[in-house]
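For reference, the chains in residue letters:
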Amino acid sequence: MAPGQLSSTKYIIVTGGVLSGLGKGIAAASIGHLLSSKLKIVPVKCDGYLNVDPGTMNPYEHGEVFVLDDGGEVDMDFGHYERFLAVTCKSSWNLTMGKVFDIVRQKERKGDYLGKTVQFIPHVTDVIKNHIFKVAEEEEADLVIVEIGGTVGDMENELFLESTRQMKEDVGRDNIAYVHLTYVPIPEGVNEQKSKPTQQSVILLKQRGIFPDIIIGRCHEYLTKEIKTKISNFCDVDPEAVITGLDVEDIYEIPVVFEEEGLPGILHKKLNIYSPPDLKKWKQLIANRKNPEKEITIAMCGKYTKLEDSYASIVESFNHCSAHHSCIINLKWIDTTDLKDMSILDEVNGIIVPGGFGSRGAEGKIEAIRYAREKNIPFLGLCLGLHMAVIEFARNVCGLEGANSTEMDPDTKYPVIDILPEQKNITEKGGTMRLGAYTAVLKEGSVVKSLYGGANEASERHRHRYEVNPEFHGIIEKNGMVFSGSSADGRLVEYIELPKLKYFVATQAHPELKSRMDAPSPLFYGFVKACFE
Ligand code: GLN
């Protein structure tokens, strides 16, 4: 890409300092939200790890694996981008160092480097920059927001930092803004906002040739005028470009905080753009959550319950429902690995069994579903949750004793859940599941069809290898379980329901991935409604 060629696209580079977990993804998504009224915005996330994508990582390592329409398994920050920016992201927008090294190695083997020694600079940094420029060009983006994972000073993100430093020469200094998110502690006993960690983090950034235009200081309180002046003096940014990144209970408030702090105006000026924020509807939804009229508790029966990040999109789907139903939704995390005493479920208004892999905790999930069915407690099953519901029904209603999924018990007598035929000979783990958006045809008169507003079809995202075994469709349906949505060829069960119960619905998909603040997922919306009744 020749320098200056892309000057019609603007870039915002978001880096983080001091600590991990300060919310760079939410900051980047919020900036995007504020600028999205008139601009086509494309978020790009750079991750320093050597995995090609997070799909092979344990949720404890990396949190939720977010799945896109195109089947990409990407960083969970894409969940924030889609929810805050109302865009459908693509897998090419997540650039990992694993992908970068793959490209470099392929080019080297092809002989593209023509006898040169292949080096981090310029060869690796060129691959990174060209990737970002290509995304900008393909998407005809007005603005690309590049979030660099990790913290300045980490070995892992050095090459991404260097690449984005170089970008200011390529695109022109007026077309790129650097935003640095740091931490402003208020140590106990001192009771004063402290700027030193920010100063030191900015020194690290400057050593890498990046001079921030905007500093966002994550803090328990609004930053005082004094601390803003101090950070401005020591870090060489305008005082009004020091912005509070307030600790908030509700992450959806961050765009509102940034707007109050004047962030959009600073970016308009720096990048010579004009795209005024429109937060009216957004603020109304936040207000609904702040003034709840009712309260419910939902049991989350899974095995990664120690880390809420593993189920981030489910948590957000409930947040969306809480804004629309004006209610508090408490999630009770139940690890089903040792779940024996089901009376713990007596206190809840609804039960959800989310997606998952492997046999640990499976029997506990099956028993929890039995409890939901027998006591008529609203139930929502997601992917593995559908498998567990079918197994429970097969065992306890259809009389197929010992029925199971071949994922849990390869030798089960009644394999009611079995590997998808096209998955049978796949041995590689990365990116090989049935992934991405697939359309299901919905059954006339079903609960699911009415949840989707009477639509004939629904498209949701998937990530699985197993399905309801077609050999058992007949006996299961005969006993009263309704297959309320199937793949177009009728083979794959996409939705099930027990229509006589208050709410007993499960899906092979992950509808939580498409839930939005202004459009909650229909299955969650209906589930929460049933929990009140
Ligand atoms: N382990 C199951 C499968 O692979 C379910 C996957 C999931 O819940 N995402 O089919």
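The following refers to the structure shown. (Residues numbered from 1 in each chain as written. Predicted model: local features only at pLDDT ≥ 70, side-chain atom pairs only at ≥ 80, totals over all residues. Heavy atoms only, no water.)

**Topic: the site of the ligand**
Reasoning step 1: Contacts to the ligand come from Gly355, Gly356, Phe357, Cys383, Leu384, His387, Glu407, Arg463, His464, Arg465, Tyr466 and His510.
Reasoning step 2: A distance of 2.8 Å separates a nitrogen atom of the ligand from a polar atom in the backbone of Arg463.
Reasoning step 3: In the environment of the ligand, an oxygen atom lies 2.8 Å from a nitrogen or oxygen atom belonging to the backbone of Tyr466.
Reasoning step 4: For the ligand, the protein covers 98% of the area, taking 290 Å² as the surface of the free molecule.
Reasoning step 5: When residues of the shell around the ligand are traced back to their parent elements, those giving at least two are helix H14 (384-396) and strand E17 (457-464).
Reasoning step 6: Here the shell around the ligand is built from residues that sort into four nonpolar, five polar and three charged. (Near = heavy atom within 4 Å. Polar contact = N/O pair within 3.5 Å; in protein donor to acceptor, adjacent residues only side chain to side chain. Areas by Shrake-Rupley, 256 points an atom, 1.4 Å probe, with all protein chains shown as cover. Helix = DSSP H or I, 4+ residues; strand = E, 2+ residues; numbered from the N terminus. Nonpolar A, V, L, I, M, F, W, Y, C, P; charged D, E, K, R; others polar.)

**Considering the pairing of strand E8 (residues 214-219)**
Reasoning step 1: Counting buried positions along E8 gives five out of six residues, so the element sits mostly inside the fold.
Reasoning step 2: The pairing of strand E7 (residues 176-183) with E8 spans five bridges and is classified as parallel. Within E8, the position partnered with Leu181 by the bridge is Ile216.
Reasoning step 3: As a crossover connection, the stretch from E7 through helix H7 (residues 196-207) into E8 is right-handed.
Reasoning step 4: When E8 meets strand E9 (residues 242-246), the two strands line up parallel, connected through five bridges. Its bridge partner being in E9, Ile216 is matched across the sheet by Ile243.
Reasoning step 5: Each parallel crossover has a hand, and for E8 linked through helix H8 (residues 225-235) to E9 it is right-handed. (Buried < 20%, exposed > 50% of the residue type's maximum accessible area, 1.4 Å probe, protein only. Pairing = 2+ DSSP bridges. Right-handed = clockwise from strand over helix to strand, strands pointing away.)

**What to know about unusual backbone geometry**
Reasoning step 1: For the bond from Ile121 to Pro122, the omega torsion is 15 degrees, close enough to zero to count as cis.
Reasoning step 2: Within the fold, Pro122 resides in helix H5 (residues 120-139).
Reasoning step 3: The backbone of Val18 shows a phi angle near 70 degrees, a positive value even though the residue is not glycine.
Reasoning step 4: With respect to the helices and strands, the residue Val18 is situated in the loop between strand E1 (10-16) and helix H1 (24-35).
Reasoning step 5: A positive phi angle, close to 55 degrees, is found at Asn272, a residue other than glycine.
Reasoning step 6: Topologically, Asn272 is positioned in the loop between helix H10 (263-271) and helix H11 (280-290).

**Considering the sheet that holds strand E10 (residues 294-302)**
Reasoning step 1: Taking strand neighbours across the sheet as the criterion, the nine strands line up as E11-E10-E12-E13-E21-E20-E19-E16-E17 in an open arrangement whose pairing is mixed. Single-partner strands in this sheet number two, and they are strand E11 (327-335) and E17. Strand-to-strand twist of the sheet, defined as the mean angle between neighbouring strand axes without regard to direction, takes the value 25 degrees.
Reasoning step 2: Looking at chain direction, strand E13 (residues 379-382) and strand E21 (residues 504-507) are connected through four bridges and run parallel. The residue of E21 that forms the bridge with Phe379 is Phe504.
Reasoning step 3: Seen against the sheet, helix H12 (residues 312-325) touches E10, E11, strand E12 (350-353) and E13 and runs at an angle of roughly 155 degrees to E11.
Reasoning step 4: Helix H17 (residues 522-532) contacts E10, E11, E12, E13, strand E20 (493-497) and E21 of the sheet and is inclined by roughly 120 degrees relative to E10. (Axes fitted to C-alpha atoms, helices over the stretch in contact; angles between N-to-C directions. Contact = heavy atoms within 4.5 Å.)

**Focus on the sheet that holds E7**
Reasoning step 1: With parallel pairing, the seven strands of this open sheet are ordered in space as E5-E2-E6-E1-E7-E8-E9. Looking at the sheet topology across the chains shown, the edges are occupied by strand E5 (94-96) and E9. Strand-to-strand, the axes of this sheet are offset by a mean angle of 20 degrees, without reference to chain direction.
Reasoning step 2: In the packing of helix H4 (residues 97-110) onto the sheet, contacts are made with strand E2 (41-47) and E5, and the angle to E5 comes to roughly 70 degrees.
Reasoning step 3: Each of E8 and E9 is contacted by H8, which is oriented at about 125 degrees to E9, the strand it contacts most.

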